[in-house]
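Each chain is listed here by its residues.
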Amino acid sequence: MRVLAAMSGGVDSAVAAARAVEAGHDVTGVHLALARNPQTYRTGARGCCTLEDSRDARRAADVLGIPFYVWDMADRFHADVVDDFVAEYAAGRTPNPCLRCNEKIKFAAVLDRAVALGFDAVVTGHHARLGPDGLLRRSVDEAKDQSYVLAVLTRQQLDRAIFPLGDSTKAQVRQEAASRGLAVADKPDSHDICFIADGDTRGFLAQRLGETPGDVVDATTGAVVGQHAGAYAYTVGQRRGLHLDRPAPDGRPRYVLSITPKTNTVTVGPAEALEVSEVNATRPVWTGGSRPDGPIECEVQLRAHGVVVPAAVTVDGDTLHADLRRPVRGVAAGQAIVAYRPDPAGDVVLGSATITT
Amino acid sequence: MAYLDHAATTPMLDEVLEAYVATAREVGNASSLHASGRRARRRVEESRERVAAALGARPSEVIFTGGGTESDNLAVKGIFWARRDADPRRDRVASSAVEHHAVLDAVEWLGRHEDAEVGWLPVDGTGRLHPDALRAELAEHGDRTALITAMWANNEVGTVQPIGELAAVAAEYDVPFHTDAIQAVGQVPVDFAASGVAALTVTGHKLGGPVGVGALVLARDVAAVPLLHGGGQERDVRSGTLDAAGIVAFAVAVEATVKGQQEYAARVAALRDDLVRRVRQAVPEVVFNGDPTDRLPGNAHFSFPGCEGDALLLLLDAQGIACSTGSACSAGVAQPSHVLLAMGADDDRARSSLRFSLGHTSTAEEVDALIAALPAAVDRARRAAAPRTPR
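The rules behind the values
- Residues numbered from 1 in each chain as written.
- Chains lettered and ligands numbered in written order.
- Predicted model: local features only at pLDDT ≥ 70, side-chain atom pairs only at ≥ 80, totals over all residues.
- UniProt positions renumbered as here; feature names shortened; annotations may be inferred.
- Helix = DSSP H or I, 4+ residues; strand = E, 2+ residues; numbered from the N terminus.
- Buried ≥ 20, exposed ≤ 12 C-beta atoms within 10 Å, placed from the backbone.
- Contact = placed C-beta atoms within 7 Å.
- Rg over C-alpha atoms; globule rule 2.2 N^0.38 Å.
- Domains from an automatic or database assignment.
- Nonpolar A, V, L, I, M, F, W, Y, C, P; charged D, E, K, R; others polar.
- Pairing = 2+ DSSP bridges.
- Axes fitted to C-alpha atoms, helices over the stretch in contact; angles between N-to-C directions.
- Core = buried A, V, L, I, M, F, W, Y, C linked by C-beta atoms within 7 Å.
- Right-handed = clockwise from strand over helix to strand, strands pointing away.
- pLDDT = per-residue confidence, 0-100.
- Parallel < 35°, antiparallel > 145°, perpendicular 65-115°, else oblique.
- Left-handed = near helix turned anticlockwise from the far one by under 90°.
- Bend = angle between axes of the 7 residues up to and from the residue.
- Arc of directions from axis to C-beta.

- Chain B is annotated in an unreviewed UniProt entry as Cysteine desulfurase of Micromonospora sonchi.
- As stated in UniProt under Sequence similarities (unreviewed entry), the record for chain B gives "Belongs to the class-V pyridoxal-phosphate-dependent aminotransferase family. NifS/IscS subfamily."
- A UniProt comment under Catalytic activity (unreviewed entry) is attached to chain B, and it reads "(sulfur carrier)-H + L-cysteine = (sulfur carrier)-SH + L-alanine".

Laid out in structure tokens, this is it:
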């Protein structure tokens, strides 16, 4: 097959491309330039879109002996990921930009262009399994598993995706990179959000959305217990940085329970008030291609690296409802609910939807 | 393999490589006083005479540098500084809008860091700077202008500028005129003295010489403040140990290409005309950019409507055909060409452009290979550019 390897400049995508070459594919490496001004994105090892990352990707491609190009996806990325990220926070939701990037950039804009240019598939360094059976499963490395942020992909997208790393742990990937002479073998993992240069999400949002002071209200008493500079800066389940004027009457810590953009109110309360037993979601996507019939007994995960709980999921048109068998704390609108079918050969992703309540 | 990117760099000539290796085997710093030093110095001075003779300059006017970018920076910044030092009213620099980044960015730097006032001289739809445009600029700002810079021939679209006429206009206002002749030397007749320019940039690797060596031809009565300070080599304008082997090789390349220019231009232009005719046949909607006749013999520059240049490049590259989208930034992301935009092209036309540049090793078979691969590549690139909605 002619395959396009998306190369971020990190160790995972470099080894993924190497494995694609070894599998006999005709591989072309592409680094996605996502920043309008590369200097403004994370520098060095922490990000994926700096000039240094571009150079690391190019050097990996050199070592593999494959052609290498840089594709400018900055405008698409800005519109579909960055602007969406800001808009979601402004609406009181908590988006996952990595998931959005997979959905709109890597497996849409990039995949479409690749297919049009004659490529059969896109290879990435995601830690997830996608075998000959076409099922998307968790990585063998549970700590590094990225099936959650891939669960938004449709059947058509998955049919043109190759994830060569799912059967390996991160440590094995690093070891392999070193033995292949890839200089990125010991490059630190990227984390946080690549387009927020200093890691200060609150500052990033404040710059774009401005300061909009409002009340912090205690759910149990209804009393105003503090002020905030912008409700968008809060995430459901958040405990730190609430800056409450007075302690709660029961003396126990307070958590963000909900954000109401309409009234610009952040509601806080005790930990147990965070507990949720039902989740509603919208825009379901099924990795199998079609909507499962009837209620689905499965496991659900409600945030990246979050807990997994058994649930019964029912689908009605464009909405999805999950009855959780165990309550979960800190479920935020805007995150994805991902349904898994437990399987000894690796839990299988059934589908996902965007949490509304 | 069809190498259609000679304007980026062209293979070294055999005699250049031989001259380089022979000189590189000899020890000697051209500034040393002993026999080895004198020998190295002699090689350098003989080379200076050969370059001067080939370009219609005096030997003392040839300043060897580390290549085109350095020569352009030395001319733009050095002459600006010297001229403004001599007359503080002269704080303006004017440049054509289609310069290579080595000039463009040096001019912008003067604007940002030296409080220079910058004037951009407009070009017509073929990329030509008209003497009238320069006259209008100087009629308004002539007494305040420290330097005019305009390239001899454009690296992207190949348009040759009326350098003699432009230099004559600058001379009327007593303003030094620099020209970046990197693409012109060896391609079209270039005579420093006859052209009337004050400074001229030339580099080795565009004419069969090595990368990393070039010259600024600087008229004797034109002062330039140095960029590099040190041992005082090259009239104190360019310090640094002289690269005897590189300079010898550069001189051999300049001499050989200038001597063979007419014959070369006739052969390569015929090949280029054939390429243009067949590209137009294969892709009828193609837009041919630059001056139709007054252009570099090896340059063919097109816009392919509905395509993205970088997609076409990838597809042709996969077929073993090397060409260029124009200027690339350091991250390797293709920006829409400032040359095309200055010529009045819109963003789409600028992004859809490709340059094929022929040179001394070009063959009819290479043109055949391009024509064989191009229609399918254009077809695919067009589909890749068409907006598609996933799912």
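### Looking at the overall build of chain A
- A count of helical and extended segments in chain A gives 8 helices and 17 strands.
- Reported as C-alpha extents along the three principal axes, the dimensions of chain A are approximately 65 × 50 × 35 Å.
- Looking at chain A residue by residue over its 357 residues, the buried ones come to 50%.
- Relative to all contacts within chain A whose residues are 6 or more apart in sequence, the contacts with residues 24 or more apart total 64%.

### As for the overall build of chain B
- Looking only at helices and strands, one finds 13 helices and 12 strands in chain B.
- At 21 Å, chain B has a C-alpha radius of gyration in line with the 21 Å of a compact globule built from 391 residues.
- For chain B, the proportion of its 391 residues judged to be buried stands at 54%.
- Within chain B, contacts between residues at least 6 apart in sequence are counted, and of these 74% link residues at least 24 apart.

### Quick notes on the domain arrangement of chain B
Residues and elements named next belong to chain B.
- What the domain assignment reports for chain B is domain 1 (2–8 + 261–385) and domain 2 (14–259).
- For domain 1 and domain 2, the distance between their C-alpha centroids amounts to 28 Å.
- Contacts between the two partners involve 22 residues from domain 1, matched on the other side by 24 residues from domain 2.
- Those elements that place two or more of their residues in the side of domain 1 that touches domain 2 are α9 (261–282), β10 (299–303) and α11 (338–342).
- For the side of domain 1 that touches domain 2, the class distribution of residues is 7 nonpolar, 11 polar and 4 charged.

### Quick look at the sheet that holds strand β12 (residues 353–357) of chain B
Residue and element names in this part refer to chain B.
- Strand order in this open sheet of 3 strands is β9-β10-β12, and the pairing throughout is antiparallel. The two strands at the open ends of the sheet, each matched to only one other strand, are β9 (287–288) and β12.
- Pairing of β10 with β12 involves 5 bridges; the strand directions are antiparallel. For Phe302, the partnering residue across the bridge sits in β12 and is Leu354.
- With respect to the sheet, α9 is in contact with β9, β10 and β12, its orientation differing from that of β10 by roughly 15°.

### Focus on the domain arrangement of chain A
Residues and elements named next belong to chain A.
- If you check the domain split of chain A, you get domain 1 (2–125 + 164–186), domain 2 (212–269) and domain 3 (275–355).
- Contacts between the two partners involve 7 residues from domain 1 and, on the opposite side, 6 residues from domain 3.
- Residue composition of the side of domain 1 that touches domain 3, grouped by class: 2 nonpolar, 3 polar and 2 charged.

### Some points on the sheet that holds strand β8 (residues 214–218) of chain A
All names here are of chain A.
- Read across the open sheet, the 4 strands follow the order β9-β8-β11-β10; overall the sheet is mixed. The strands lining the two open edges of the sheet, one partner per strand, are β9 (224–228) and β10 (255–260). For this sheet, the mean inter-axis angle between neighbouring strands, taken without regard to orientation, is 30°.
- As judged from the 4 bridges shared by β8 and β9, these two strands associate in the antiparallel manner. Along β9, the bridge assignment pairs Val216 with Gly226.

### Re the nonpolar core
- Among the nonpolar cores identified, the biggest contains 138 residues, and Ala5, Ala14, Ala17 and Ile337 of chain A together with Leu312 of chain B are the most heavily contacted of them.
- Discounting chain neighbours no more than four positions away, the residues touching Leu312 of chain B are Phe304, Cys307, Leu354, Ala377, Val378 and Ala381 of chain B.
- Counting 93 residues, the second largest nonpolar core, distinct from the first, contains Val107, Ala153, Val169 and Ala224 of chain B.

### Brief notes about the pairing of strand β2 (residues 26–33) of chain A
Residues and elements named next belong to chain A.
- In terms of burial, β2 is largely enclosed, as 7 of its 8 residues are buried.
- Note: strand β1 (residues 2–6) against β2, 5 bridges, orientation parallel. Bridging across to β2, Ala5 finds its partner in Gly29.
- Tracing the backbone out of β1, into helix α1 (residues 11–22) and back to the parallel element β2 gives a crossover that is right-handed.

### A few points about the confidence of the model for chain A
- Within chain A, residue pLDDT values average 90, and 96% of them lie at 70 or more.
- Counting contacts from residues 42–48 of chain A, a segment whose pLDDT is below 50, to residues more than four positions away or on other chains yields 21 contacts.

### Some words on the packing of helix α10 (residues 309–318) of chain B against helix α13 (residues 364–385) of chain B
Residues and elements named next belong to chain B.
- Between α10 and α13, whose axes approach to 9 Å, the crossing angle comes to 140°. Taken together, the axis directions place α10 and α13 in an arrangement best described as oblique. In this structure, α10 crosses over α13, and the sense of that crossing is right-handed. Residues Ala311, Leu312, Leu315 and Leu316 of α10 form the contact with α13, whose participating residues are Ala373, Ala377, Val378, Arg380, Ala381, Ala384 and Ala385.

### A few points about the packing of helix α3 (residues 68–86) of chain B against helix α4 (residues 101–113) of chain B
All names here are of chain B.
- Remark: α3 packs on α4, axes separated minimally by 9 Å, with the N-to-C direction vectors making an angle of 30°. As judged from the angle between their axes, α3 and α4 are roughly parallel. Regarding α3 and α4, the two cross each other, and that crossing is right-handed. Mapping the contact onto sequence places Gly68, Thr69, Asp72, Asn73, Val76, Lys77 and Phe80 in α3 and Ala102, Val103, Ala106, Val107 and Leu110 in α4.
- Its residues assigned to classes, the contact of α3 with α4 shows 7 nonpolar, 3 polar and 2 charged.

### Details of helix α4 (residues 97–116) of chain A
- Within α4 of chain A, the axis deviates most sharply at Val110 of chain A, by approximately 25°.
- Burial analysis of α4 of chain A places 15 of its 20 residues in the buried class, the great majority of the element.

### Structural notes on helix α6 (residues 163–172) of chain B
All names here are of chain B.
- Along α6, the residues classified as buried are Ile163, Leu166, Ala167, Val169 and Ala170. Along the long axis of α6, the arc covered by the buried residues comes to 155°, so they all point the same way.
- Where α6 ends, the next residue or the one after it, Asp174, has phi of about 60°, a positive value.

### A closer look at the environment of Gly56 of chain B
Residues and elements named next belong to chain B.
- By secondary structure assignment, the location of Gly56 is in the loop between α2 (35–55) and β2 (62–65).
- Sequence-wise, Gly56 and Val217 are 161 residues apart; in three dimensions their C-alpha atoms are separated by 9.9 Å.
- Residues contacting Gly56, with those up to four places away along its chain left out, are Asp191, Phe192, Ala193 and Ala194.

### Observations regarding unusual backbone geometry
- In this structure, His305 of chain A takes a positive phi of about 60° despite not being glycine.
- Among the structural elements, His305 of chain A can be located in the loop between β13 (296–301) and β14 (308–316).
- Positive phi values are uncommon outside glycine, yet Asp236 of chain B reaches one of about 70°.
- Within the element layout of this structure, Asp236 of chain B appears in the loop between β8 (214–218) and α8 (244–259).
- C-beta crowding within 10 Å serves as the criterion here: with 12 such atoms nearby, Asp236 of chain B is assigned to the exposed category.

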